[in-house]
Amino acid sequence: MTDDVKRLVIIGSGPAGHTAALYAARANLQPFMYEGYVVGGSAGGQLVTTTDVENYPGFPEGITGPELMQLFRKQAARFGTEMVGEDVHEVDFSKRPFTIKGDKTEVKAHSVIISTGATAKRMHVPSEE
Ligand SMILES: Cc1cc2nc3c(=O)[nH]c(=O)nc-3n(C[C@H](O)[C@H](O)[C@H](O)COP(=O)(O)OP(=O)(O)OC[C@H]3O[C@@H](n4cnc5c(N)ncnc54)[C@H](O)[C@@H]3O)c2cc1C
């Protein structure tokens with residue numbers, strides 16, 4: 001394994017991406033995360049678009065979505081997750097190591113976790129916002 005090949009790249013920084021990062025970082029896999037920017041949501045994922053999250057264990061009084069995602073990020077960073085605020089535009093899985101192309105960076109990785117989640121379908125009715 002050469003130094004310029006990442007052990008693990010994670011695409012997406014919602015709850016799934018940060019959970020994967022936390023476990024991988026604690027296992028010394030030195031994960032490299034593309035947080036996402038515009039293409040499929042934003043850094044922190046869907047929960048940064050909401051107010052109170054009341055069903056997450058460990059927060060008996062509830063917590064706001066942005067606060068919760070800041071805590072996820074802080075915890076993943078604490079164990080050494082490297083994060084870049086870019087979207088991924090292309091991944092080549094046809095040969096190893098895999099190639100991941102972001103807005104500005106291009107990296108090679110032995111493993112890739114895709115945790116790009118979803119975007120909510122809006123109804124665009126007047127009271128929605
Ligand atoms: C308004 C609203 C309120 C909600 N409230 C609750 C609640 O109270 N309780 C609850 O349990 N759930 C709630 N949810 C659902 C919850 O947000 C999702 O289940 C959860 O966010 C899914 O996590 P995820 O990590 O799979 O994906 P997401 O949160 O969707 O994160 C996806 C990530 O991938 C990134 N991404 C996508 N494409 C790319 C790309 N090409 N390159 C790089 N990055 C990319 C995005 O930027 C984002 O960071 C709510 C959802 C919404 C929209």
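A brief report on the enclosed structure follows. (Residues numbered from 1 in each chain as written. Predicted model: local features only at pLDDT ≥ 70, side-chain atom pairs only at ≥ 80, totals over all residues.)

Description of the site of the ligand
Around the ligand, 29 residues are found, and the nearest of them are G14, G36, G40, G45 and G117. With 3 residues, the top contributor of residues to the shell around the ligand is helix α1 (residues 15-26). A class-by-class count of the residues in the shell around the ligand yields 11 nonpolar, 16 polar and 2 charged. (Near = placed C-beta within 6 Å. Helix = DSSP H or I, 4+ residues; strand = E, 2+ residues; numbered from the N terminus. Nonpolar A, V, L, I, M, F, W, Y, C, P; charged D, E, K, R; others polar.)

Regarding the nonpolar core
Counting 19 residues, the largest nonpolar core has V9, I10, I11 and A21 as the members making the most contacts within it. When contributions to this core are tallied by element, the ones reaching two or more residues are β1 (5-11), α1, β2 (32-34), α2 (65-78) and β8 (106-114). Those residues in contact with I10, other than ones at most four positions away along the chain, are G17, A20, A21, P31, M33, I113 and S115. (Core = buried A, V, L, I, M, F, W, Y, C linked by C-beta atoms within 7 Å. Buried ≥ 20, exposed ≤ 12 C-beta atoms within 10 Å, placed from the backbone. Contact = placed C-beta atoms within 7 Å.)

Focus on the sheet that holds strand β7 (residues 98-102)
Ordered by their spatial adjacency, 6 strands build an open sheet running β5-β2-β1-β8-β7-β6, and the pairing between neighbours is mixed. If you trace the sheet from one side to the other, it starts and ends with β5 (82-84) and β6 (88-92), each paired once. With direction set aside, neighbouring strand axes in the sheet form an average angle of 40°. Pairing analysis gives 3 bridges linking β2 to β5, with the strands arranged parallel. Paired with Y34 across the strands is V84, a residue of β5. Along the sheet, α1 contacts β1, β2 and β8; its crossing angle with β1, the most-contacted strand, is approximately 150°. (Pairing = 2+ DSSP bridges. Axes fitted to C-alpha atoms, helices over the stretch in contact; angles between N-to-C directions.)

Side note on α1
Taking 1.5 Å per residue, 12 residues should reach 16 Å; α1 reaches 17 Å between its end C-alpha atoms and fits that length. Along α1, the residues classified as buried are G17, H18, A20, A21, A24 and A25. Along the axis of α1, the buried residues cluster in a sector spanning 160°; they form a single face. Packed against the buried residues of α1 are β1, β2, α2 and β8. (Expected span 1.5 Å × (residues − 1). Arc of directions from axis to C-beta.)

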